[in-house]
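Listed below are the residues making up each chain.
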Amino acid sequence: MRVHIVDPSAFTLPYDHALSAALAAAGADVELIRSRFAYGEPPEPDGYAVRELFYRHARGAAGSRARLAAKLVDHVPDMLRYRDVARAADVVHFQWLAVQAVDRWLLPRRPTVLTAHDLLPREPRPGQAWSQRRLYDAVDAVVVHSQYGRDLLVSELGVEPAKVRVIHHGAFRHLTLQPGELPLPDELRAVESPVVLFFGLLRPYKGLDVLLDAWRGIDSAELWIVGRPRMPIEPLRAGAPANVRFVPRYVSDVELPALFRRADVVVLPYSRTERFDQSGVLATALAFGKPTVVSDVGGFGEVAAAGAARLVPPNDPGALHGALERLLGDPQEREGLAWGALAAASGPYSWQEAAGQTLALYRELVG
């Protein structure tokens, strides 16, 4: 089966790589269609081909307004060019379509799948949520990562139930096996106390304000907040306790393993939102076998129910403080959650499982 995995902006490159490699290992002929990755070296293809078809004329720094404007200019011509390329595929599987108002009119005339990494836009512009709802109508199938995601699309948005398929987000095992891993920076390597790690893009819905409130009074560990800011963080830094370190920048794949190996606990204190389904950071924590504290949002509760994470109510600093303090003080509980994470990563949240279910969906669409 000839499969195109399409991510025009390379928004979910670790996911694209892991899915493409797993599908190829299961026997599919896979090509990943994307733009040039602007934040460093992408993963080496593992059994699949790569074509950089989108945004070839985009200039400017990664994430800059100039680059965004250039991508918007290129988007429609590149989508139309891709329609011709897509004739060679049996199935086209989009990971992101970010210009929803026009993308639904530009889809290729092939069986088409869209993964709803965000059930609705996280920080929507006017009309964007309505356009994404129409985009779900335009594709042949929608993949979500949790039963929560399926219920929201079907019950709240009215998406046709037969279109929506739950396929878990696989654990990023490839990040644990990279050649050329870099050590921690000297200032982090010198830390001797236990470490709680918050990792990922710094966005408003991720609950950093709640985390910093919850951290007050925890003196036996350090909290590391690591990731590229997509929000003003100076007010948070100014009011943070002394045992909080910020590393506010993009962290490459070869830097990431040292951070996760060093962490005693990973925390995802996300705020309540109906737009969110699952997290690549949680998929990374599972792969590294890390005890993790997560808010009860999106599909996180389903991971916790599998014994792979500790669940707390969202927007509740007291509950988060208690969970972190108990885990830091209880090595046996940390070990139990670590084993649960590794079991999930090799079982229901493995890429082999995800690839098998994804190929079954493709076969249904091709007929």
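The paragraphs below set out a description of the structure included in this document. (Residues numbered from 1 in each chain as written. Predicted model: local features only at pLDDT ≥ 70, side-chain atom pairs only at ≥ 80, totals over all residues. Heavy atoms only, no water.)

Some words on the packing of aromatic side chains
In this description, an aromatic ring pair is defined by two values, namely the gap between the centres and the angle between the planes.
Okay, step 1: If you walk through the whole model with that rule in mind, you get 16 aromatic pairs.
Okay, step 2: Between Tyr82 and Phe94, the aromatic rings sit 6.1 Å apart at their centres with planes inclined by 80°, giving edge-to-face as the arrangement. With Tyr82 in helix α2 (residues 65-85) and Phe94 in strand β4 (residues 91-94), the pair connects residues that are 12 residues apart, well separated along the chain. In this structure, Tyr82 and Phe94 share a single accessibility class: buried.
Okay, step 3: Linked through ring pairs, Phe54, Tyr55, Tyr82 and Phe94 together constitute an aromatic cluster.
Okay, step 4: A cation sits over an aromatic face here: Arg134 above Trp130, 5.1 Å from the ring centre. (Phe/Tyr/Trp six-rings, centres within 6.5 Å; stacked < 30°, edge-to-face > 60°. Helix = DSSP H or I, 4+ residues; strand = E, 2+ residues; numbered from the N terminus. Buried < 20%, exposed > 50% of the residue type's maximum accessible area, 1.4 Å probe, protein only. Lys NZ or Arg CZ within 6 Å of the ring centre and 35° of its normal.)

Side note on the nonpolar core
Okay, step 1: Counting residues in each nonpolar core, the largest one holds 96 residues, and the members touching the most others are Leu23 and Leu324.
Okay, step 2: If one sorts the elements of this core by residue count, helix α1 (residues 13-25) sits on top with 8 residues.
Okay, step 3: With residues near it in sequence (within four places) discarded, Leu23 still touches Val3, Ile5, Ala28, Val30, Ala355, Thr358, Leu359 and Tyr362. (Core = buried A, V, L, I, M, F, W, Y, C linked by side-chain atoms within 4.5 Å. Contact = heavy atoms within 4.5 Å.)

Things to note about unusual backbone geometry
Okay, step 1: Here the phi dihedral of Ala10 falls at roughly 55°; this positive angle occurs in a residue that is not glycine.
Okay, step 2: The backbone of Asn315 shows a phi angle near 60°, a positive value even though the residue is not glycine.
Okay, step 3: What makes Asn315 partly exposed here is its relative accessible area of 42%.

Thoughts on the sheet that holds strand β5 (residues 112-115)
Okay, step 1: Pairing within the open sheet is parallel, and its 7 strands lie in the order β3-β2-β1-β4-β5-β6-β7. Both outer strands of the open sheet, β3 (49-54) and β7 (164-166), are each paired with one neighbouring strand and no more. Averaged over all adjacent pairs, the angle separating strand axes in this sheet is 25°, with direction ignored.
Okay, step 2: Where strand β2 (residues 29-35) and β3 come together, 5 bridges link them in parallel fashion. When the sheet's bridge partners are listed, Glu31 is paired in β3 with Ala49.
Okay, step 3: The strands touched by helix α14 (residues 351-366) are β1 (2-7), β4, β5, β6 (141-144) and β7; relative to β4, the strand with the most contacts, the crossing angle is about 130°. (Pairing = 2+ DSSP bridges. Axes fitted to C-alpha atoms, helices over the stretch in contact; angles between N-to-C directions.)

A word on the side chain of Asp7
Okay, step 1: Note on placement: Asp7 falls in strand β1.
Okay, step 2: One buried charged residue, Asp7, remains without a salt bridge, the closest side chain of opposite sign being Arg34 at 7.6 Å.
Okay, step 3: Polar contacts involving the side chain of Asp7 include one to the main-chain amide nitrogen of Thr12, which spans 2.9 Å. (Lys, Arg positive; Asp, Glu negative; His and termini not counted. Salt bridge = Lys/Arg side-chain N within 4 Å of Asp/Glu carboxyl O. Polar contact = N/O pair within 3.5 Å; in protein donor to acceptor, adjacent residues only side chain to side chain.)

Describing empty space enclosed by the protein
In this approach, a probe sized like a water molecule rolls over the atoms, and the result shows the empty space that is left.
Okay, step 1: Under the definition given, this model contains 3 cavities of 30 Å³ or more.
Okay, step 2: The computed volume of the largest cavity comes to approximately 40 Å³.
Okay, step 3: Lining the largest cavity are Asp7, Pro8, Ser9, Phe11, Tyr55, His75, Trp96, Leu97 and Ala98.
Okay, step 4: Of the residues in the lining of the largest cavity, the class split is 6 nonpolar, 2 polar and 1 charged. (1 Å grid on protein atoms, 1.4 Å probe; cavity = no way out; pocket = protein on both sides within 12 Å on 5 of 7 lines; lining within 4 Å. Points joined across faces, edges and corners; volume = space filled by probe spheres on them. Nonpolar A, V, L, I, M, F, W, Y, C, P; charged D, E, K, R; others polar.)

Things to note about the sheet that holds strand β9 (residues 222-226)
Okay, step 1: Across the sheet, which stays open at both edges, the 6 strands sit in the order β10-β9-β8-β11-β12-β13 with parallel pairing between neighbours. The sheet is open, and its two edges are formed by β10 (244-247) and β13 (310-312), each paired on a single side. The mean angle between the axes of side-by-side strands here comes to 20°, regardless of whether they run parallel or antiparallel.
Okay, step 2: Inspection of the sheet shows strand β8 (residues 195-199) paired to strand β11 (residues 265-268) by 2 bridges, in the parallel sense. Bridge assignment links Val196 to a residue of β11, and that residue is Val265.
Okay, step 3: Packing of helix α7 (residues 208-215) onto the sheet brings it into contact with β8, β9, β10 and β11, and relative to β9 it is tilted by some 170°.

Points about α14
Okay, step 1: A rise of 1.5 Å per residue sets the reference length of α14, with its 16 residues, at 22 Å; its end C-alpha atoms lie 22 Å apart and thus fit the reference within 8%.
Okay, step 2: Regarding α14, the residues found buried are Trp351, Ala354, Ala355, Thr358, Leu359, Leu361 and Tyr362. Projection of α14 onto a plane perpendicular to its axis shows the buried side chains occupying an angular sector of 160°, all on one side. Those residues of α14 that are exposed and aimed more than 90 degrees away from the buried face are Gln352 and Glu364.
Okay, step 3: Against β1, α1, β4, β5, β6 and β7 lie the buried residues of α14.
Okay, step 4: Just downstream of α14 lies Gly367, where phi reads positive at about 80°. (Expected span 1.5 Å × (residues − 1). Arc of directions from axis to C-beta.)

Overview of a nonpolar patch on the surface
Okay, step 1: A cluster of nonpolar side chains, Val76, Leu80 and Val102, forms an exposed patch at the surface whose accessible area comes to about 190 Å².
Okay, step 2: Within the secondary structure layout, Val102 lies in helix α3 (residues 100-103). (Patch = residues over 30% accessible without salt bridge, like charges linked within 9 Å, V, L, I, M, F, W, Y side chains within 5 Å. Areas by Shrake-Rupley, 256 points an atom, 1.4 Å probe, with all protein chains shown as cover.)

What to know about the pairing of β2
Okay, step 1: Summarising burial for β2: 6 of the 7 residues are buried, a large majority.
Okay, step 2: One ladder, built from 6 bridges, connects β1 with β2; its direction is parallel. Across the sheet, residue Arg2 finds its bridge partner in β2, namely Asp29.
Okay, step 3: At this point the chain moves from β1, through α1, to the parallel β2, and the crossover so formed is right-handed. (Right-handed = clockwise from strand over helix to strand, strands pointing away.)

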